[in-house]
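Architecture at a glance
These are the residues of each chain, in order.
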Amino acid sequence: MNRVLVSAGEPSGDLHAAAVVAALRRLDPDLAVAAVGGERLRAAGAEVLADLDQLSAIGTVEAAGSAAAHWRLLRRLDGQFAAGAYRAVLLVDYPGFHLRVARRAAAWGIPVVYYVAPQLWAWGAWRAAALRQHVRRLAVVLPFEESYFRSLGIPSTFVGHPLLDRPHAVSRAEARRGLGIDDGEPTLTVFPGLRRVERERLWPVFREAALLLRRSVPGLRIVVAASEQLPPGLDGAALAPDPSVALSAADAALCKSGTSTLEAALSGTPMVIAYRASPISFWLARRLVRVPHIGLVNLVAERRVAPEFLQTAAQPDRLHDALAPLFDASDDAARRQVEAFDEVRARLGSPGAARRVAELVLAEAA
């Protein structure tokens, strides 16, 4: 059967997977694609078997609530693998569930490509054995990952970062005009996260930091990025569901620790990074995490480019004090970040990640 399965467990994976599906369909117009994902995968032409809204979770405690939905879907997919329904499987991020899918697919002889690899270099090194046994090819998106995973005996290919394939939607002037921001008004963009649990933990702190900045930065405008609706308690803020628009308009950004830090770097927007997890998840992470930074931009740069505040250190007053200097482009704090972003951009590779992943999938399915 000329059919592949593509699975994304959360919104960012849905976006990356949709780009790969579009590339697959260009390379092989007769290929049918079934998917676990959301609206972006559906719009790319995939038949969505299960919606990611029922699956998405983060953290040790939070993930427990979606376990029943995961097991029901796994049993359904296992039946399809047994019936020979797919030539290949592409899994995007979300390792807790996807490594189980990989094991079942491999048991039935179906090749598995894994895109956006589990961050074993940070924690979770015990997963290396599962990747070696059940995954034919890792498609990695961070420059240091290819050699790391190959050193563990896992076939890996650096495909470049998918952010490089996203067009910078509008100019600074266009972004500001669309958000109702005048050219001379200092502007802060806030990234509280896409996942519900992230927003619940981060938004109260981010909101209070933004309110403090309103009092210390005259005329400050605030944009909330990557959210379907404006979270409560920040009257007068603008909403920009498209992160590239939000960052085009910004002089500085307050970001959670993930991909938004790379988005800010690619847009040339200086930032402060913060994150809070559940107490139990953080307790485990303190004992298992092996990297010196939480922000991806700092990991790619291999040094502290942007300041980071984790867990109890992520307090509104401390975020305010780190953000305030960034509104002056001539300040050393802002200038050093912007200069470092050129190096980060170069390390992320070249555009075309989705096509490279699609080629890997088709090669394994042949």
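Position numbers for residues count from 1 along each chain, tracking the sequence in the order it is written. The predicted nature of this model means local features are confined to residues of pLDDT at least 70 and side-chain atom pairs, given and counted, to a pLDDT of 80 or more, with totals for whole chains, interfaces and linings taken over all residues. The side-chain values count all of the structure's non-hydrogen atoms but skip hydrogen atoms and water molecules.

**Some points on the sheet that holds strand 10 (residues 238-240)**
Here is the rule we go by: When DSSP finds two or more bridges between a pair of strands, those strands are recorded as paired. In this description a helix means any DSSP run of H or I spanning at least four residues, a strand means any run of E spanning at least two, and both kinds are numbered starting from the N terminus. To get an axis, fit a line to the C-alpha atoms, keeping to the stretch in contact for a helix; angles then go from 0 to 180 degrees between the N-to-C directions. Whether two residues are in contact is decided by their heavy atoms, any of which lying within 4.5 Å being enough.
Strands sit in the order 10-9-8-11-12-13 across an open sheet of six strands; the sheet is parallel. Each edge of the open sheet carries a strand with a single partner, namely strand 10 and strand 13 (308-310). Each neighbouring strand pair of the sheet contributes to a mean axis angle of 20 degrees, computed without reference to strand direction. Its contacts with the sheet put helix 14 (residues 316-323) on strand 8 (187-191), strand 11 (252-255), strand 12 (271-275) and strand 13, and the angle it makes with strand 12 is roughly 160 degrees.

**Remarks on the packing of aromatic side chains**
Filter applied, for reference: Pairing of aromatic rings covers Phe, Tyr and the six-membered ring of Trp, with a centre-to-centre limit of 6.5 Å; geometry is then stacked below 30 degrees between planes, edge-to-face above 60, and tilted otherwise. Residue exposure (1.4 Å probe, protein chains only): buried if accessible area is under 20% of the type maximum, exposed if over 50%, otherwise partly exposed.
Enumeration over the complete set of coordinates arrives at three aromatic pairs. On the numbers, 6.1 Å between centres and 70 degrees between planes, the contact of Phe81 with Tyr86 is edge-to-face. Tyr86 carries the same exposure label as Phe81, and that label is buried.

**Observations regarding the sheet that holds strand 7 (residues 156-158)**
Overall, parallel pairing links the seven strands, which are arranged 3-2-1-4-5-6-7 in an open sheet. Each edge of the sheet is formed by a strand with only one pairing partner; in this case those strands are strand 3 (47-51) and strand 7. Across the sheet, the axes of successive neighbouring strands diverge by a mean angle of 20 degrees, strand direction being ignored. With five bridges connecting them, strand 1 (residues 3-8) and strand 2 (residues 32-37) associate as parallel partners. Bridge pairing in strand 2 links Val4 to Val33. Of the strands in this sheet, strand 1, strand 2, strand 4 (88-92) and strand 5 (112-115) are in contact with helix 1 (residues 11-27), which crosses strand 1 at around 160 degrees.

**Describing the confidence of the model for the protein**
Basically, it comes down to this: The predictor's confidence in any single residue is recorded as pLDDT, a number from 0 to 100.
When pLDDT is averaged across the protein, the result is 89; 89% of the residues are at 70 or more. Taken together, the stretch residues 57-62 has pLDDT below 50 and engages in 19 contacts with residues farther than four places along the chain or on a different chain.

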